[in-house]
Amino acid sequence: MSRPRIRPPLAGAVALALATTFGLTTAAAQADEVNQIINGDFSNGTAPWWGTPNINLDASSGALCANVPGDTLNAWDVIIGQNDIPLIEGESYTFSFTASATEPVSIRALVQEPVEPWRTQLDQRAFLGPEEQRFEYVFTSNADWDDAQVAFQIGGSDVPWTFCVDDVALLGGAEPPVYVPDTGPRVRVNQVGYLPHGPKKATVVTDATEALTWELADSGGTVVASGQTEPYGPESSSGLNVHTVDFSSYTTSGSGYTLTVDGETSHPFDIDESAYEELRVDALSFYYPQRSGIEILDSIAPGYGRAAGHVGVPPNQGDTDVPCAPGTCDYSLDVSGGWYDAGDHGKYVVNGGISVHQLMNIYERAQRAETAQPDKLGDSTLRLPETGNGVPDVLDEARWEMEFLLSMQVPEGEPLAGMAHHKIHDEQWTGLPLLPANDPQPRYLQPPSTAATLNLAATAAQCARVFQPYDADFAAECLEAAETAWDAAKAHPAVYAPAFGEGGGPYNDNNVTDEFYWAAAELFLTTGAQEYRDAVTSSPLHTDDEEVFRDGGFDWGWTAPLARIQLATIPNDLADRDRVRDSVVAAADGYLANVESSPWGLSYKPGNGVFVWGSNSAVLNTMVVMAVAFDLTGDTKYRDGVLEGMDYIFGRNALNQSYVTGYGEKDSRNQHSRWYAHQLDPRLPNPPKGTLAGGPNSDASTWDPKAQSTLTGCAPQMCYIDDIESWATNELTINWNAPLSWIASFIADQDDAGGGSEDPEEPVEDTEPPTAPTGLKATGVTTDSATVSWNAATDNVGVVGYELVLQHTDTLAPLGTTTQTSYQLEGLRPGQTYTFWVYAYDAAGNRSPSAKVTFTTEEEDEQPTGSCTVSYTTSDWPGGFTASVVLTNTGTTPWNGWTLGFTFPSGQRVTQGWSATWVQTGDQVTATSMSWNSSVAPGQSVTIGFNGSWTGSNTRPAEFTVNGGSCSVA
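Residues numbered from 1 in each chain as written. Predicted model: local features only at pLDDT ≥ 70, side-chain atom pairs only at ≥ 80, totals over all residues. Heavy atoms only, no water.

Caption draft 1: Quick look at the overall build of the protein chain. The secondary structure content of the protein chain amounts to 16 helices and 45 strands. Relative to the globule expectation of 30 Å for 970 residues, the C-alpha radius of gyration of the protein chain, 32 Å, shows essentially globular dimensions. Over its C-alpha atoms, taken along the principal directions, the protein chain stretches across nearly 105 × 70 × 50 Å. Counting every position in the protein chain, which comprises 970 residues, the buried fraction comes to 59%. (Helix = DSSP H or I, 4+ residues; strand = E, 2+ residues; numbered from the N terminus. Rg over C-alpha atoms; globule rule 2.2 N^0.38 Å. Buried < 20%, exposed > 50% of the residue type's maximum accessible area, 1.4 Å probe, protein only.)

Caption draft 2: A look at the packing of helix H10 (residues 560–569) against helix H12 (residues 615–633). Relative orientation of the contacting elements H10 and H12 amounts to 15°, with a least axis distance of 11 Å. By the angle between their directions, the pair H10 and H12 is classed as roughly parallel. The crossing of H10 and H12 is left-handed. Every residue of H12 that contacts H10 at Ile565, Ala568 and Thr569 is listed here: Val624, Val625, Val628 and Leu632. Of the residues assigned to the contact of H10 with H12, the class counts are 6 nonpolar, 1 polar and no charged. (Axes fitted to C-alpha atoms, helices over the stretch in contact; angles between N-to-C directions. Parallel < 35°, antiparallel > 145°, perpendicular 65-115°, else oblique. Left-handed = near helix turned anticlockwise from the far one by under 90°. Contact = heavy atoms within 4.5 Å. Nonpolar A, V, L, I, M, F, W, Y, C, P; charged D, E, K, R; others polar.)

Caption draft 3: Expanded view of the sheet that holds strand E10 (residues 187–188). Sheet architecture is open: 4 strands sit in the order E10-E12-E16-E15, paired in antiparallel fashion. In this open sheet, the two strands that pair with only one neighbour each are E10 and strand E15 (230–235). The pairing of E10 with strand E12 (residues 201–205) spans 2 bridges and is antiparallel. Note on E12: the bridge partner recorded for Arg188 is Thr203. (Pairing = 2+ DSSP bridges.)

Caption draft 4: Structural detail: the state of the cysteines. Tallied over the entire structure, the rule returns 5 disulfides. Disulfide pairing places Cys463 opposite Cys478 at an S-S distance of 2.1 Å. The S-S bond linking Cys463 to Cys478 shows a torsion near 55°; that makes this disulfide right-handed. In this pair, Cys463 sits in helix H5 (residues 450–467) while Cys478 sits in helix H6 (residues 472–491), placing the two residues 15 residues apart along the sequence. Across the disulfide, Cys714 is cross-linked to Cys719 (sulfur-sulfur distance 1.9 Å). Measuring handedness by torsion sign, the sulfur bridge of Cys714 and Cys719 sits at about 105° and is right-handed. Judged by its relative accessible area of 21%, Cys714 is partly exposed. Judged by relative accessible area, which is 0%, Cys719 ranks as buried. (Disulfide = S-S within 2.5 Å.)

Caption draft 5: Structural view of the pairing of strand E24 (residues 423–426). Pairing of strand E22 (residues 347–348) with E24 involves 2 bridges; the strand directions are antiparallel. Residue Lys347 lies in a different strand from E24, and its bridge partner there is Ile424. In the sheet, E24 pairs with strand E25 (residues 443–445) via 3 bridges, with the strands oriented antiparallel. Pairing of His425 across the sheet is with Tyr444, part of E25.

Caption draft 6: Up close: the packing of aromatic side chains. The full count for this structure, using the stated rule, is 47 aromatic pairs. Measuring from ring centre to ring centre gives 6.3 Å for Tyr648 and Tyr659, while their planes differ by 35°; the resulting arrangement is tilted. Of this pair, Tyr648 sits in helix H13 (residues 636–649) while Tyr659 sits in the loop between H13 and helix H14 (705–710), placing them 11 residues apart in sequence. Note on Tyr648: relative accessible area 0%, which makes it buried. Judged by relative accessible area, Tyr659 falls into the buried class, the value being 0%. Aromatic pair Trp918 and Phe946: ring centres 4.9 Å apart, planes at 55°, arrangement tilted. Taken together, the residues Trp918 in strand E39 (residues 917–921) and Phe946 in strand E42 (residues 941–949) connect sequence positions 28 residues apart. With respect to class, Trp918 is no different from Phe946; both count as buried. Through a chain of ring-to-ring contacts, three or more aromatic side chains come together here, namely Phe42, Trp49, Phe95, Phe97, Phe135, Tyr137, Phe152, Trp161 and Phe163. (Phe/Tyr/Trp six-rings, centres within 6.5 Å; stacked < 30°, edge-to-face > 60°.)

Caption draft 7: Representation of empty space enclosed by the protein within the structure. Within the structure shown, the criterion is met by 8 cavities of 30 Å³ or more. Volume-wise, the largest cavity comes out at about 290 Å³. Lining the largest cavity are 23 residues; nearest its centre among them are Arg368, Ala369, Ala568, Thr569 and Leu632. At the level of elements, helix H3 (349–368), H10, helix H11 (577–597), H12, strand E29 (799–808) and strand E32 (833–842) are the ones that each hand at least two residues to the lining of the largest cavity. Looking at the lining of the largest cavity element by element, the count peaks at 4 residues for H3. Along the lines of polarity and charge, the residues of the lining of the largest cavity split into 11 nonpolar, 3 polar and 9 charged. Roughly 60 Å³ of internal volume is contained in the second largest cavity. Taken together, Asn190, Gly193, Tyr194, Leu195, Gly198, Pro199, Tyr276, Leu643 and Asp647 make up the lining of the second largest cavity. Of all the secondary structure elements, the ones that give two or more residues to the lining of the second largest cavity are strand E11 (193–194) and H13. Considered class by class, the residues forming the lining of the second largest cavity number 5 nonpolar, 3 polar and 1 charged. (1 Å grid on protein atoms, 1.4 Å probe; cavity = no way out; pocket = protein on both sides within 12 Å on 5 of 7 lines; lining within 4 Å. Points joined across faces, edges and corners; volume = space filled by probe spheres on them.)

Caption draft 8: How the structure looks around the environment of Glu644. In this structure, Glu644 sits in helix H13. Distance in space between the C-alpha atoms of Glu644 and Arg119 is 41 Å, their sequence separation being 525 residues. The residues contacting Glu644, other than those within four sequence positions of it, are Pro199, Lys201, Val595, Gly601 and Arg652.

Caption draft 9: Here's a closer look at the sheet that holds strand E4 (residues 92–101). Overall, antiparallel pairing links the 4 strands, which are arranged E2-E9-E4-E7 in an open sheet. The sheet is open, and its two borders are formed by strand E2 (64–68) and strand E7 (133–140), each paired with just one other strand. With direction set aside, neighbouring strand axes in the sheet form an average angle of 25°. Bridge count for E4 against E7 is 8 bridges, and the pairing is antiparallel.

Caption draft 10: Spatial organisation of the side chain of Arg639. For Arg639, the position within the fold is in helix H13. We note that Arg639 is buried and unpaired, the nearest opposite charge coming from Asp640 at a distance of 4.9 Å. (Lys, Arg positive; Asp, Glu negative; His and termini not counted. Salt bridge = Lys/Arg side-chain N within 4 Å of Asp/Glu carboxyl O.)

Next up, the structure:
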């Protein structure tokens, strides 16, 4: 979720200083139609109006005019105002004026405090052009003020222009403004579509207490189905009396269906098994125009092309050399790239962490879930510049953020080395609208935090796993960063971000037990190391199901469920994995019960009844848990719960509002953003299609001024307004689009929601393991490779894949999983005996008995002595070290596969290695080439490395061999 923010001053200190230079007479506070504005028609010149020093006021034309300079960035850079306006608490006022501009511009009209914190009674945007326009706004004062300030903020234009205003009036005695949202027809449906064989439900707002007749009509108006509603009665989250409609038995595909009940006809909708295919692409393609540090190409994202943000082109100060916030450290980092977090220009590790995790997890699910369609998430499936590079596009997008997260790690040699800076953002809040390339603010690295460090450890460990097949070097970089971050977090377990700040959201979190649990789980799943296994099983959260799975699912501040989900779905040998999987299913049962008891199909049911900031992400993340339960059990009740949950997001809610831009008849399109700001400047776009709005927020303590003036007394579901100024209800964020992308991909995989358990009320537990693979054999054995193949295993439900393990001497090395019935082994050592093990597993996690085959690689002629050089360097710390090893082929023939050998002289141990297969027996160590670095031509080198532990001393090995031949030591 996003977070409460402190927003920028609405006038600025310069306005206060100017206002105090005038000897102004304070009129008595009034509630009648006497104008509270002095000289609002400018018949007496310009006094007592004032302007900022960069303009001159001129009333010679009968209106107040000013030449506004160009190249101003914020609205408050140029202000015209009047002070000492009296207001009475509870009184309603009409504020009006006539204005024009020589250029099309957006200005800000304010009635506010003249001093910090610049609280407002009125904050409105007016779009001006050459023709005079009359503007009129009504507000109710929430305080007695005798010194309110009226201000026109007119800065923020690239070009100079002339502003003229006349007939300014502030009159009491107005009718109090009443906000009545336009909720459209009283029949609320999923405005996008239903799957033919999935649930199809709707909600009717009505005062009726008896059942009503419903009729389903096709696009031609022909009634194709009918039935009776089920009265529900008063519903607390909406404040409405409702009935429900269930037309699930109708399964004919088509478009333009409508539902009519009680004299009202719904918005149109489709019944289509491919209803979510487009959303899968749009929700994930949202991230490209959200990127920092790169030009956004209109050819890729039509309508969203813009210059690269924060690359140091004036007025931008750039992210390529960002210093620490004053007084916190004395270095700077290149932290360019990554995603802008929300509608501002900040970048945050904790919010980036959960976001990039869910994108990488979309890829992970596609490789393992029985209903997944991995080809739909492959290369060239999204709108981004890296398409066509042989890497799944979802991973290309994730890498853009992952590289930024890696760059936020504190360098070696610095205090808190290995930790991650919490965030990077502007010194002060910027105004709206403001394109990223035009942001002039200084930017600073905010101090490291334990929460950010553990987010880095978790996501970098996951990165090492998912990128290994595509870029082993990057995977190794991620793993090294993850383990370094883990060690740093253990050394500094209670470094917390402050709960305040300027220029960026705080993202404060003083409970990091959940982040420790999540990071340990990801590191264990990637490495299998005992240290991380112990950290998982010793965490108090590992067995506290009630604490882990809360009513809001999970978010950036509560990541423990991510650990459970990963441990349940990623193959591993955790002793209590069955219990872990059961805990996820039990949590899904709780969220599913909410769906079934809600007349809106709503899985989110906060215990205190308060919808939080970003409630839509809570809705979606509870749906993620249900989707995982479906993947684990195959029980369609969980899938149906997810489908029904999306009905709420797409319009089956109290406001009849689709919260996804470009989807539905009434969609959110004015989300809070500095560059998707069409509401403020028609020359700018709305957010991209597939952008999720934060949604209802009934926590009034977090409201922005727009919400405060509009939503008082709202029922929780009603506490939303599609307005760019309402960041508390209508922001967009990377961590809200992440679960939307996850769920959209999940549903798009369910092309036909039929099948599964025949009785949805009685889940069928699959406890039968698959049969063992048969016919396992090794063929094509060479000095460094072999092909193993087997006959497909069988299962009562279906085999999902095969887990692979390779044994050499007494060491077992997991190779991961495959859905194929063959596997190519590479990087083997000549003349060595290997045993290959394969297990089949199904969607419920049942594993078959093993099958194994043993073979010996061919011998290879030894390289002549002296045909290699080895450089061995280490970076040491107490009890541990990182070694970098460079092998150079100094001979005359290429290495087609190589094995490095050496002996530790002081009892050191290899704890984790990269760019080679590392095996240690006693003090003897071997490192065998990978498929991608096995060929080394004469004169070329290959670099490998490992992390190790030591006690007493870390003496370097005296001798190194490559393929049995002794090497020179550099």
